[in-house]
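# Per-entry structural report
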Amino acid sequence: MLPWTALSLALSLRLALARSGAERGPPASAPQGDLLFLLDSSASVSHYEFSRVREFVGQLVGLLPLGPGALRASLVHVGSRPYTEFPFGQHSSGEAVQDAVRAAAQRMGDTNAGLALAYAKEQLFAEVAGARPGVPKVLVWVTDGGSSDPVGPPMQELKDLGVTVFIVSTGQGNLLELSAAASAPAEKHLHFVDVDDLHIIAQELRGSILGHAKEALSLAQMQEQTLQLEQQSKLKEYEAAVEQLKSEQIRVQAEERRKTLSEETRQHQARAQYQDKLARQRYEDQLKQQQLLNEENLRKQEESVQKQEAMRRATVEREMELRHKNEMLRVEAEARARAKAERENADIIREQIRLKAAEHRQTILESIRTAGTLFGEGFRTFVTDWDKVTATVAGLTLLAVGVYSAKNATSVAGRYIEARLGKPSLVRETSRITVLEALRHPVQVSRRLLSKPQDALEGVVLSPSLEARVRDIAIATRNTKKNHSLYRNILMYGPPGTGKTLFAKKLALHSGMDYAIMTGGDVAPMGRDGVTAMHKVFDWASTSRRGLLLFVDEADAFLRKRATEKISEDLRATLNAFLHRTGQHSSKFMLVLASNQPEQFDWAVNDRIDEMVRFDLPQREERERLVRMYFDKYVLKPATEGKQRLKLAQFDYGRKCSEIACLTEGMSGREISQLAVAWQAMAYASEDGFLTEAMMDARVQDAIQQHQQKMQWLKAEGARPKGDQPLPPSTQAE
């Protein structure tokens, strides 16, 4: 059935093509085409220029063969809105077209050439608007060179329709724009001529238009011949297709038989597999039943053992209870017998007690009489001997002087030992080695003494500009220590978790100095003892042989403005002691202050600061470096060493670190470190110890939500009235 259908379709197609060729007939011999004149009729053209252009168009129309079987002409004005003077086919002779051109009046308005071109495409050159299909289309645009709207897009749409564009410019137009608007090549389709010399190019423009029409006519004839040859070749192809369809039908039938056999074979195999599956299922069910039976027997055996153990335990407890009762009965019997014997011997016992008491009283009286006699004789002898009295008074005086001197010497020695060997109570952490620490950890102390100076920025990730600045500070500090010069005081401020404390430690180690860390929150609770503790800190710092970097974290907690009423008298006295000890630069210690709110400092504190460094939140490049560093430290390195219960799934670690750096915008270095520790904890909490990409993404989303919640709390806290306290810098940046 399929081959006969294809054969009938091919025959019908052949008849249709033959009929189409017969209806088309021979091509026309006269030049045909639709010619549209687009005249600049706006207010930018004077009446004289418009009259000269109108005369030029009338002259050009008289030179062209116009008529229903030849060229048709139309005229459109360019103004604020396009206006059609006469459409295609309205005038059937050249004289009528010339009369219509001479009668055209100037429209004035803006020069909206782009709008006129779009109008020509939709209303004149479209087949639905009356344009003849298959004939050349020519546009002659006479302009003074300017347009109020863009002409490029609508002109390109006309060219896409096959319209040939000739442009005659009577002004100083843009050569590049007009060359792009005219058809290629521009030297044949673009003419720059004065308005009084338009008649010079009339013959040349007529020849170009007629030549284009003749070329289009020849091209149409060649296309017609090519179309007939293509139809003949297609007819042969259809005949070959019919033969191919017959062979294809035979092949399809064979393929259907093969598929039927394959399907039957597949069904037999599926049936056999299903039967095998049922057999395996029955065997598995039997195994499960046997396993359940074995488990039931094992459970019964365990219950029997438990019952026997309970009986044995009950027997032992019963024996212990009976033994305890017997012991209690024995003790009770012995107590009764002892009480009975004591009742029977009560008189004898009382007589013995009376005799012992009388003897003891007589002994005490004799001792008192003997001691009084001896003391009285000795005191009388001492009073009558003046040498003994003088020696006794001198001894007591020397004893009092010795006690007072020993007390003061002990106090002085204690203060000396505390200043040299101890650690002040305000210092939370220090790298300075004490005698007690050297005795406790001699190996670690030896390593610290033999260690080389570290890089000041090792493990510290900062922006390039800040990194260059703090590196200069580190180099200057190290050279200051080498030359025994005066140290400079530094203030580091910015949001929390941006690396201020870490850099202070690295700066001390890089410079070969000791460091000591104290926090401003420990000063206020000391009350009156704050002044003494502050002096002890600076006395202790002055005794360092290597130089001491004193880092005061959260310095704004006690270095507040003294003019405010919120500071206590004890804290004000402590602040005065601090200002007294830092009034001049020292070659013994270097002061480094860290604060999130430096605007709360007392003015005298600001006067003692030599350099201020702002630590901002890390940007994208710094966050990516931080993520990679902490990922290697807490995840990748433990996973590769294999010493811990941590394994890492296979994924692109570098790409994941870059993505996380983009997502963690606004986070500090401490928050990124906490995120890496959270990845490690999540791997430890998993069953197999594997850390996957999905687990990392989940922790990142939790960290982002927590950071957003913290920022909301900061904003809410900043919105409350707080007197003269400004917002933290991190809140202002947010």
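Each value, and the rule that gives it
Residues numbered from 1 in each chain as written. Predicted model: local features only at pLDDT ≥ 70, side-chain atom pairs only at ≥ 80, totals over all residues. Heavy atoms only, no water. Helix = DSSP H or I, 4+ residues; strand = E, 2+ residues; numbered from the N terminus. Buried < 20%, exposed > 50% of the residue type's maximum accessible area, 1.4 Å probe, protein only. Contact = heavy atoms within 4.5 Å. Pairing = 2+ DSSP bridges. Axes fitted to C-alpha atoms, helices over the stretch in contact; angles between N-to-C directions. pLDDT = per-residue confidence, 0-100. Expected span 1.5 Å × (residues − 1). Salt bridge = Lys/Arg side-chain N within 4 Å of Asp/Glu carboxyl O. Phe/Tyr/Trp six-rings, centres within 6.5 Å; stacked < 30°, edge-to-face > 60°. Lys NZ or Arg CZ within 6 Å of the ring centre and 35° of its normal. Patch = residues over 30% accessible without salt bridge, like charges linked within 9 Å, V, L, I, M, F, W, Y side chains within 5 Å. Areas by Shrake-Rupley, 256 points an atom, 1.4 Å probe, with all protein chains shown as cover. Parallel < 35°, antiparallel > 145°, perpendicular 65-115°, else oblique. Left-handed = near helix turned anticlockwise from the far one by under 90°. Nonpolar A, V, L, I, M, F, W, Y, C, P; charged D, E, K, R; others polar. Right-handed = clockwise from strand over helix to strand, strands pointing away. Arc of directions from axis to C-beta. Polar contact = N/O pair within 3.5 Å; in protein donor to acceptor, adjacent residues only side chain to side chain.

### Some thoughts on the overall build of the protein chain
- Counting its secondary structure elements, the protein chain contains 22 helices and 14 strands.
- Counting only residues that meet the buried cut, the protein chain has 33% of its 734 residues in that class.
- Contacts in the protein chain between residues at least 24 apart in sequence constitute 78% of all its contacts with a sequence separation of at least 6.

### Quick word on the sheet that holds strand β6 (residues 190-192)
- In spatial order, the strands read β3-β2-β1-β4-β5-β6; together these six strands make up an open sheet with mixed pairing. Sheet topology places β3 (83-86) and β6 at the edges, where each strand pairs with a single neighbour. Averaged over neighbouring strand pairs, the angle between their axes works out to 20° when direction is ignored.
- Bridge count between strand β1 (residues 33-40) and strand β2 (residues 71-78): eight bridges; the pairing is parallel.

### Considering the pairing of β1
- Burial analysis of β1 places eight of its eight residues in the buried class, the great majority of the element.
- Where burial is concerned, the two faces of β1 agree: the one with Gly33, Leu35, Phe37 and Leu39 and the one with Asp34, Leu36, Leu38 and Asp40 are both buried.
- Two elements, β1 and strand β4 (residues 137-143), share six bridges in a ladder whose sense is parallel. Looking across to β4, one finds that Phe37 is bridged to Val140.

### Re the environment of Gly669
- As for its position among the elements, Gly669 is in helix α20 (residues 669-685).
- On a C-alpha basis, the gap between Gly669 and Arg623 in space is 7.6 Å, while along the polypeptide they are 46 residues apart.

### A short note on the confidence of the model for the protein chain
- Here the protein chain shows a mean pLDDT of 79. Residues at 70 or above account for 86%.
- For the stretch residues 1-28, pLDDT sits under 50, and the model shows 20 contacts to residues farther than four places along the chain or on other chains.

### Concerning the sheet that holds strand β9 (residues 514-519)
- The six strands lie next to each other as β7-β9-β10-β11-β8-β12, forming an open sheet whose pairing is mixed. Edge positions in the sheet fall to β7 (429-430) and β12 (611-614), since each has one partner strand and no second.
- For strand β10 (residues 548-553) and strand β11 (residues 589-595), the ladder comprises five bridges, and the chain directions are parallel. Pairing of Leu550 across the sheet is with Leu591, part of β11.
- Relative to β10, helix α14 (residues 500-511) is tilted by about 175°, and along the sheet it contacts β7, β8 (490-493), β9, β10 and β11.

### A word on helix α16 (residues 569-581)
- Between its first and last C-alpha, α16 extends 19 Å over 13 residues, near the 18 Å set by a 1.5 Å rise per residue.
- Listed as buried for α16 are Leu571, Arg572, Thr574, Leu575, Ala577, Phe578 and Leu579.
- Those residues of α16 hidden inside the fold are in contact with α15 (529-542), β11 and α17 (603-607).

### As for the pattern of salt bridges
- Using the criterion set out here, one finds 36 salt bridges in the structure.
- Between Glu309 and Arg313 there is a salt bridge; the shortest N-O distance is 3.8 Å. Note that Glu309 and Arg313 are positioned in helix α8 (residues 202-344) at a spacing of four residues, about one turn of the helix.
- We classify Arg313 as partly exposed; its relative accessible area is 42%.
- Connected through shared salt-bridge partners, Arg655, Lys656, Glu659, Glu693 and Asp697 make up one network.

### As for the packing of aromatic side chains
- All chains considered together, the criterion is met by eight aromatic pairs.
- Geometrically, the ring pair formed by Phe503 and Phe615 is tilted, given 6.2 Å between the ring centres and 45° between the ring planes. With Phe503 in helix α14 and Phe615 in the loop between β12 and α18 (620-641), the pair connects residues that are 112 residues apart, well separated along the chain. Residue Phe503 shares its accessibility class with Phe615, and that shared class is buried.
- Taken together, the ring pairs in this structure connect Phe538, Phe558, Phe578 and Phe589 into an aromatic cluster.
- The aromatic ring of Tyr83 is capped on one face by Arg107, whose charged end is 3.8 Å from the ring centroid.

### Things to note about a nonpolar patch on the surface
- A cluster of nonpolar side chains, contributed by Leu396, Leu399 and Val403, occupies part of the molecular surface with about 310 Å² of accessible area.
- Residue classification places Leu399 among the exposed positions, given a relative accessible area of 53%.

### Side note on unusual backbone geometry
- The linkage connecting Ala184 with the following residue, Pro185, adopts the cis geometry, with an omega of -5°.
- Looking at where Pro185 falls in the secondary structure, it is placed in the loop between α6 (175-181) and α7 (186-189).
- A positive phi is found at His484, a non-glycine position, where the angle reads about 55°.
- Even without being glycine, Glu554 reaches a positive phi, approximately 50°.
- Among the secondary structure elements, Glu554 is positioned in the loop between β10 and α16.

### Focus on the packing of helix α13 (residues 464-482) against α14
- Between α13 and α14, the least distance of the axes is 9 Å, while the angle of their chain directions is 40°. By the angle class used here, α13 and α14 are oblique. Classified by chirality, the crossing of α14 by α13 is right-handed. Between α13 and α14, the residues in contact are Val470, Ile473, Ala474, Thr477, Arg478 and Lys481 and Phe503, Leu507, His510 and Ser511, respectively.
- Looking at side-chain class alone, the contact of α13 with α14 contains five nonpolar, three polar and two charged residues.

### A closer look at the packing of helix α2 (residues 47-62) against helix α3 (residues 94-102)
- In the contact formed by α2 and α3, the axes pass within 9 Å of each other and the chain directions differ by 175°. On the basis of the axis angle, α2 is roughly antiparallel to α3. On the side of α2, the interface is formed by Arg54, Val57, Gly58, Val61 and Gly62, while α3 contributes Gly94, Val97, Gln98, Val101 and Arg102.
- Here the residues of the contact of α2 with α3 are counted per class, giving four nonpolar, four polar and two charged.

### Thoughts on the pairing of strand β5 (residues 163-169)
- Among the seven residues in β5, seven count as buried, and that is most of the element.
- Summarising the sheet, β4 and β5 pair through seven bridges and their orientation is parallel. Bridge assignment links Val140 to a residue of β5, and that residue is Phe166.
- Once the chain exits β4 it traverses helix α5 (residues 152-160) before rejoining the sheet at β5, and the crossover so formed is right-handed.
- When β5 meets β6, the two strands line up parallel, connected through three bridges. Note on β6: the bridge partner recorded for Val168 is His191.

### Things to note about helix α4 (residues 113-123)
- Those residues of α4 that fall on the buried side of the exposure criterion are Ala113, Gly114, Ala116, Leu117 and Ala120. Down the axis of α4, the buried set is contained in an arc of 165°. They therefore lie on one face.

### Focus on the environment of Arg628
- Among the structural elements, Arg628 can be located in helix α18.
- Take Arg628: its relative accessible area is 33%, and that puts it in the partly exposed class.
- Put simply, Arg628 and Lys656 are 28 residues apart on the chain and 9.5 Å apart in space, counted from C-alpha to C-alpha.
- Ignoring anything within four residues of it in the chain, the contact list for Arg628 reads Gly654, Cys657 and Ser658.

### A closer look at the side chain of Ser41
- The topology assignment puts Ser41 in the loop between β1 and α2.
- In this structure Ser41 comes out as buried when scored by relative accessible area, which is 0%.
- From its side chain, Ser41 meets the backbone nitrogen of Arg107 in a polar contact 2.5 Å long.

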